[in-house]
Amino acid sequence: MRFHTRKWVKPEDLNANGTLFGGKVLSWIDEEAVMYSIIQLENKKVVTKYMSEINFMSTAVEGDIIEIGIDVIKFGVTSISLNCEVRNKMTHESIVTVDNIILVNLDDKGNPKAHGKTKIEYVKDRLAKKEKEENV
């Protein structure tokens, strides 16, 4: 799993127990999944369709640094399926896991649109390919 984003747990991220609020971490997961999908599918119009069971395994407290990891499970015709782990950056202890997040690629009218992707692509590789094509 590749960990793409780090978050610093601040006072406004805490619940009444003084630990990381579940709704806050779910918001971070959703945002990370959407950004990852936008980059992979090369389309700004991507929405979350489904999140499987969310497993809260431990917590974080003020001052902790957490990181969010995303892996691709599969590419569908109009969708991308991901799994996610949020862990403590310093201890690598899992805080939350989500086994399946499905995001859908949309057209300008908000309808599902085929994306034509079948594997993970990295932006640096796309840029190198584009540069090579321009120089031919």
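Treat the numbers as computed from the prediction; the structure is a model and nothing was measured.

1. Examining the nonpolar core
Okay, so step 1: Of all hydrophobic cores here, the largest spans 25 residues; its most connected members are Ile66, Leu82, Cys84, Val86 and Leu103.
Okay, so step 2: When contributions to this core are tallied by element, the ones reaching two or more residues are helix 1 (22–41), strand 4 (65–75), strand 5 (79–88) and strand 6 (94–105).
Okay, so step 3: Sort the elements by how many residues they give to this core and helix 1 lands first, with 7 residues.

2. Looking at the UniProt feature "domain: HotDog ACOT-type" (unreviewed entry) in the chain
Okay, so step 1: Feature annotation in UniProt assigns "domain: HotDog ACOT-type" (unreviewed entry) to the following positions: residues 1–109.
Okay, so step 2: Across residues 1–109, helical content stands at 18% and strand content at 45%; the span's end C-alpha atoms are separated by 34 Å.

3. Points about a nonpolar patch on the surface
Okay, so step 1: There is a patch of nonpolar side chains on the surface, built from Ile39, Val123 and Leu127 and spanning about 270 Å² of accessible area.
Okay, so step 2: Relative to the elements of secondary structure, Val123 occurs in helix 2 (residues 123–134).

4. Digging into the environment of Val123
Okay, so step 1: With relative accessibility at 41%, the residue Val123 sits in the partly exposed group.
Okay, so step 2: Linking Val123 and Phe75, residues 48 residues apart in sequence, is a C-alpha distance of 17 Å.

5. What about the pattern of salt bridges?
Okay, so step 1: Counted according to the given criterion, the structure contains 10 salt bridges.
Okay, so step 2: A salt bridge links Glu121 to Lys117; the nearest nitrogen and oxygen atoms lie 3.2 Å apart.
Okay, so step 3: Accessibility expressed as a relative area gives 25% for Glu121, which makes it partly exposed.
Okay, so step 4: Residue Lys117 is classed as buried on the basis of its relative accessible area of 15%.
Okay, so step 5: With a closest N to O distance of 2.9 Å, Arg126 and Glu121 form a salt bridge.
Okay, so step 6: What makes Arg126 buried here is its relative accessible area of 18%.

How each quantity is defined
Residues numbered from 1 in each chain as written. Predicted model: local features only at pLDDT ≥ 70, side-chain atom pairs only at ≥ 80, totals over all residues. Heavy atoms only, no water. Core = buried A, V, L, I, M, F, W, Y, C linked by side-chain atoms within 4.5 Å. Buried < 20%, exposed > 50% of the residue type's maximum accessible area, 1.4 Å probe, protein only. Helix = DSSP H or I, 4+ residues; strand = E, 2+ residues; numbered from the N terminus. UniProt positions renumbered as here; feature names shortened; annotations may be inferred. Patch = residues over 30% accessible without salt bridge, like charges linked within 9 Å, V, L, I, M, F, W, Y side chains within 5 Å. Areas by Shrake-Rupley, 256 points an atom, 1.4 Å probe, with all protein chains shown as cover. Salt bridge = Lys/Arg side-chain N within 4 Å of Asp/Glu carboxyl O.

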